[in-house]
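# Residue-level structural notes
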Amino acid sequence: MAVRATVTRFPIDSDAQEACGIPWGLTVTPFAAKDENGQAPVYGSDGHLLPRCENCYAYFNTYCELDQWAWNCSLCGTLNGLSSEAIARYSRPQSCAEMMSSFVDLEFPLEGSEEEILHARPVYVAAVDLSSSEEFLELTKSALQAALEALAPESLFGLATFSHKLGLYDVQGPIPVVKNVFIPQDAEGTLPIELEDVMPLLQFLAPVDTCKDRITSALEILRPTTSWERTPPGTGQELDGVLMGGRGFGMAMEALCNYLGSEYGNTFALARVFAFLSGPPDHGPGQLDTRRYGEQYASKGEDADRALLPEQTPFYKDLAAVAVQAGVCVDIFAVTNEYTDLASLKFLSIESGGSLFLYSNTDDSTLPQDMYRMLSRPYAFNCVLRLRTSTEFKPGHSYGHFFPDPQYENVQHIICCDSYATYAYDFEFANNVGFSRHSSEQPMVQIAFQYTVVVPPEELPGSELLSSSRGKHSIKRRLRIRTLQYGTARNLNELYDSVDPEVVLSLLVHKVILASLEEGVREGRMLLHDWLVILTSQYNEAFNLIQYKNGSSSIMGQLDVTFSQCPQLQPLPRLVFALLRNPLLRFHEEGVHPDYRIYVQCLFSALEPSSLHRAIYPVLTSYSTPDKQAYPRHSLSRAALITSGSPIFFLDAYTTLIVFYSSTADPSLPFPPPHDCLLRSTINKLKQERCITPKLIFIRGGQDDASVFENYLIEEQDVNGTGLTSVMGFVSFLEDITQSVLEYMK
């Protein structure tokens, strides 16, 4: 569990918080194997016996004062009695995890019979769009072959297809058999028959270890639905077949969630549905009107940046609630360059703990690699995340891909959580008093993460391997708790010196996404611009860099917009500048596709701070040879390239990796870099650490088209040649901020 705060020394009261201009909050990556300093938790047992505060329900931890019979809660100060069992337990402090570390991972007893616990099997269902092209199906088949290689042998796998009908495949017999149910064309329609009556669930879900070849055979027979197939014969609509809709995605997803939900907790503890989509749902319940994307905005005078961000129907948000109840996590893989309205579809994936992937074409898609990567890494499921604080402050907003608890505040349900998934919180003071300046009691934060994992047999202690269950996975319920103590800043200088700019960026990204969803992209841009103006003004006043002339509004002294006196703040103007140039906040007329914007929102709102930093302001490194690094970091400008004099540059933009050889590079340097050099090993290491597969591009300056690389050099004036007023170089941007600060301070 990695936790990073925007400031490691908290503001002393609401006045100090207001005066500093820095967002106050933190990010948490609950299923990360280690904390932000590389420390693993201390593992223990009997999580259900851990004492809890009678007042605030916080868990006992190493910051609590403990005497023979009682303990003081480190969060609210309440004195709590100890049970005789706990007294005996804590008389041997070295035998229990919570006495040794403030970061613990404790086993929890599972409810249910031993048979159920030992025989739990992970379930995966592929739902494939047949209203598609041959190329789309070939890519999807490759992705599912990669998935089959990554799945544990005793997993259960189901293959379903959808178009104007929903197909269920029985792959447990000698030849694959498909049974179809027609999806009603009407948006209010229902399936004529329950899926359980079409095919019993355990006939549909096949064990991967014994049926892998048969699943592969079933994949091979998948063919796109033709326009003639979509027209039911005898309806008098045969000639209109080409125009008829045929992608009944909404009904298919709803039926599959209900189908799987009937066995939730019996056959499986978690089901993952992989939905492969080649275009917008246009048939039956959940169909979307994609005509809202186009030239009609010009005639209606609507702001396209505002109109295309909200969902057009609550169908998929409601369906996400059904999926959560059924213990189903949905991952959506959209392979399309046509408008698919991901703004409506995204809720089904992000609220059920899944991911949303977008690939603009089939040619260079990394879908198979992403599939394998996603299924190879460990993940937890059926998770509950809870953040508690000491009494002086409280969580405000929470951000991330979760399902908020309808009953309890600050409790989030996460159906599926991998080691990359990150959530954010911002804080506010509970009253006007703030933290005591003289007290030894420091601000406290406690994060509790209860989760379930499927443990392979090789990870179980020998005594747990019953002869009947040898080779079976088993389910483990665990409670991971991290308790942190923070200092307080006595003045603004101390507070600014404790800033973590990457975490500040994370919270800003969450806030501008929220603002742009509610008010439009223009509002998100203004919010970000104004934030930097206010921060710059408050910093200049805090460091007494400016004075007011004879009490008038005229300012004396040199305005510092680069935060030259505070190293921790110096990256922020560049990060804000880069965020304003990112597709997340670029205008519709600049060529940002609305689906791509939604995809970027979903990706960025789940990244941990260091990854997000690379995605927004890429890391540019130079090499003198493929085996020797020259400079670890350059600004994103042509001037940096020229002045460095290095022949090779490597740009890491998180989703894209670019190796660029300058036009003046020595022709004897090997291109592309050889597989056994330092640069290649750096690239391979970065690829291994990513949650998605980055695209790798090699460019030889002067010979290849270098525009992909040059577009990342955002600090230059008008770098993409559009001439739009929103496109300015970094120097011009600082001048603009200077003018805005002077206006603000008047």
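Note that the structure is a prediction, hence the values are computed from the model and not measured. (Residues numbered from 1 in each chain as written. Predicted model: local features only at pLDDT ≥ 70, side-chain atom pairs only at ≥ 80, totals over all residues. Heavy atoms only, no water.)

All right, on to the overall build of the protein chain then. The secondary structure content of the protein chain amounts to 25 helices and 31 strands. Taking all 746 residues of the protein chain together, 56% fall into the buried category. When contacts within the protein chain are restricted to residue pairs at least 6 apart in sequence, long-range pairs at least 24 apart make up 75% of them. About 31,600 Å² of surface is accessible on the protein chain, with carbon and sulfur atoms providing 49% of the total. (Helix = DSSP H or I, 4+ residues; strand = E, 2+ residues; numbered from the N terminus. Buried < 20%, exposed > 50% of the residue type's maximum accessible area, 1.4 Å probe, protein only. Contact = heavy atoms within 4.5 Å. Areas by Shrake-Rupley, 256 points an atom, 1.4 Å probe, with all protein chains shown as cover.)

Let's shift gears to the side chain of Gln601. Its location among the elements puts Gln601 in helix H20 (residues 594-604). Look past the residues within four positions of Gln601 in its chain and what remains in contact with it is Leu309, Lys346, Ile513, Ser516, Leu517 and Leu584.

A few words on the sheet that holds strand S20 (residues 411-418). Reading across the sheet, the 7 strands line up as S4-S8-S23-S22-S17-S20-S19 and stay open at both edges, with mixed pairing between neighbours. Looking at the sheet topology across the chains shown, the edges are occupied by strand S4 (42-44) and strand S19 (403-404). Strand direction decides the pairing type here: strand S8 (residues 103-108) and strand S23 (residues 474-485), joined by 6 bridges, are antiparallel. The partner of Phe103 across the bridge, within S23, is Arg482. (Pairing = 2+ DSSP bridges.)

Another aspect to go through is the packing of helix H14 (residues 342-350) against H20. Look at H14 against H20: their axes get within 10 Å of each other, and the N-to-C directions meet at 25 degrees. Our classification of the angle between H14 and H20 gives roughly parallel. Judged by the twist between their axes, the crossing of H14 over H20 is right-handed. Facing Leu342, Ala343, Lys346 and Ile350 of H14, the residues of H20 in contact are Asp595, Ile598, Gln601 and Cys602. Residue composition of the contact of H14 with H20, by class: 5 nonpolar, 1 polar and 2 charged. (Axes fitted to C-alpha atoms, helices over the stretch in contact; angles between N-to-C directions. Parallel < 35°, antiparallel > 145°, perpendicular 65-115°, else oblique. Left-handed = near helix turned anticlockwise from the far one by under 90°. Nonpolar A, V, L, I, M, F, W, Y, C, P; charged D, E, K, R; others polar.)

What follows deals with the packing of helix H17 (residues 501-519) against helix H18 (residues 521-542). Look at H17 against H18: their axes get within 7 Å of each other, and the N-to-C directions meet at 145 degrees. When the axes of H17 and H18 are compared, the crossing they make is right-handed. Touching Val504, Leu508, Lys511, Val512, Ala515, Ser516 and Glu519 of H17 are Val521, Glu523, Gly524, Leu527, Leu528 and Trp531, all from H18.

So, about the sheet that holds strand S27 (residues 619-625). Spatial ordering of the open sheet is given by S28-S27-S29-S30-S31, a layout of 5 strands whose pairing is mixed. Strands at the two margins of the open sheet, each flanked by one partner only, are strand S28 (628-634) and strand S31 (695-700). Geometrically, the sheet is characterised by an average inter-axis angle of 20 degrees between neighbouring strands, direction not taken into account. Summarising the sheet, strand S29 (residues 648-652) and strand S30 (residues 656-661) pair through 5 bridges and their orientation is antiparallel. If you follow Phe649 over to S30, its bridge partner there is Phe660. Of the strands in this sheet, S27, S28, S29, S30 and S31 are in contact with helix H23 (residues 678-689), which crosses S29 at around 5 degrees.

The element strand S14 (residues 271-277) is extensively covered by neighbouring structure, given that 7 of its 7 residues are classed as buried. What you see with S14 is no split at all: Ala271, Val273, Ala275 and Leu277 on one side and Arg272, Phe274 and Phe276 on the other are buried throughout. Bridge analysis of S14 against strand S15 (residues 328-335) gives 7 bridges, and the strand direction is parallel. Bridging from a neighbouring strand, Phe274 pairs with Asp331 of S15.

To continue, consider H18. Between the first and last C-alpha of H18 there are 32 Å, a value that for 22 residues agrees with the 32 Å anticipated at 1.5 Å per step. Positive backbone phi, at 50 degrees, marks Asn544, one or two positions downstream of H18. (Expected span 1.5 Å × (residues − 1).)

Counted by the stated rule, this structure contains 35 aromatic pairs. Where Phe60 meets Trp71, the ring centres are 5.4 Å apart and the plane angle is 90 degrees; that geometry is what we call edge-to-face. A residue pair is termed long-range when its members are at least 10 positions apart, and Phe60 in the loop between S4 and strand S5 (65-66) and Trp71 in strand S6 (residues 70-72) qualify at 11 residues. The exposure class assigned to Phe60 is buried, which follows from its relative accessible area of 3%. Using a relative accessible area of 1% as the deciding quantity, one classes Trp71 as buried. Among the aromatic residues, ring-to-ring pairing joins Phe10, Trp24, Phe393, Phe427, Phe429, Phe435 and Tyr486 into one connected group. Above the ring of Tyr379, the side-chain terminus of Arg272 is found at 4.9 Å from the ring centroid. For Arg522, the ring lying beneath its charged end belongs to Phe587, and the centroid distance is 4.4 Å. (Phe/Tyr/Trp six-rings, centres within 6.5 Å; stacked < 30°, edge-to-face > 60°. Lys NZ or Arg CZ within 6 Å of the ring centre and 35° of its normal.)

Here Arg247 lies in the loop between helix H9 (227-230) and helix H10 (249-261). The class for Arg247 is buried, based on a relative accessible area of 8%. Among the polar contacts made by the side chain of Arg247, one reaches the main-chain carbonyl oxygen of Ser131 at a distance of 2.6 Å. Not counting residues within four places of it along the chain, the set of residues in contact with Arg247 comprises Asp129, Ser131, Phe162, Ser163, Leu277, Ser278, Gly279, Pro280, Pro281, Asp282 and His283. (Polar contact = N/O pair within 3.5 Å; in protein donor to acceptor, adjacent residues only side chain to side chain.)

With that settled, consider the nonpolar core. Counting 198 residues, the largest nonpolar core has Ile22 and Phe276 as its most contacted members. No other element matches the 9 residues that H10 contributes to this core. If you look at the next biggest cluster of nonpolar residues, it comprises 20 residues, including Leu75, Tyr90, Ala97 and Leu479. (Core = buried A, V, L, I, M, F, W, Y, C linked by side-chain atoms within 4.5 Å.)

Attention now moves to the UniProt feature "domain: Zinc finger Sec23/Sec24-type" (unreviewed entry) in the protein chain. Feature annotation in UniProt assigns "domain: Zinc finger Sec23/Sec24-type" (unreviewed entry) to the following positions: residues 51-84. For the annotated span residues 51-84, helix accounts for 3% and strand for 24% of the residues, and the straight-line distance between the end C-alpha atoms is 12 Å. (UniProt positions renumbered as here; feature names shortened; annotations may be inferred.)

Before going further, it helps to spend a moment on the environment of Asp736. Tracing the backbone through its elements, the reader meets Asp736 in helix H25 (residues 730-745). Distance from Asp736 to Val533, taken between C-alpha atoms, is 9.7 Å for residues 203 residues apart in sequence. In this structure, Asp736 is in contact with His529 and Met728, ignoring residues within four places of it in sequence.

Next up on the list: the environment of Val433. Tracing the chain through its elements places Val433 in the loop between strand S21 (423-429) and strand S22 (444-455). Through-space distance from the C-alpha of Val433 to that of Glu392 is 7.8 Å; in sequence the pair is 41 residues apart.

Let us look at the pairing of S23. When a strand is regular, its side chains alternate between the sheet's two faces. Burial of S23 is extensive: 11 of the 12 residues sit out of reach of the surface. Pairing geometry for S22 and S23, over 12 bridges, is antiparallel. Across the sheet, residue Tyr451 finds its bridge partner in S23, namely Arg478.

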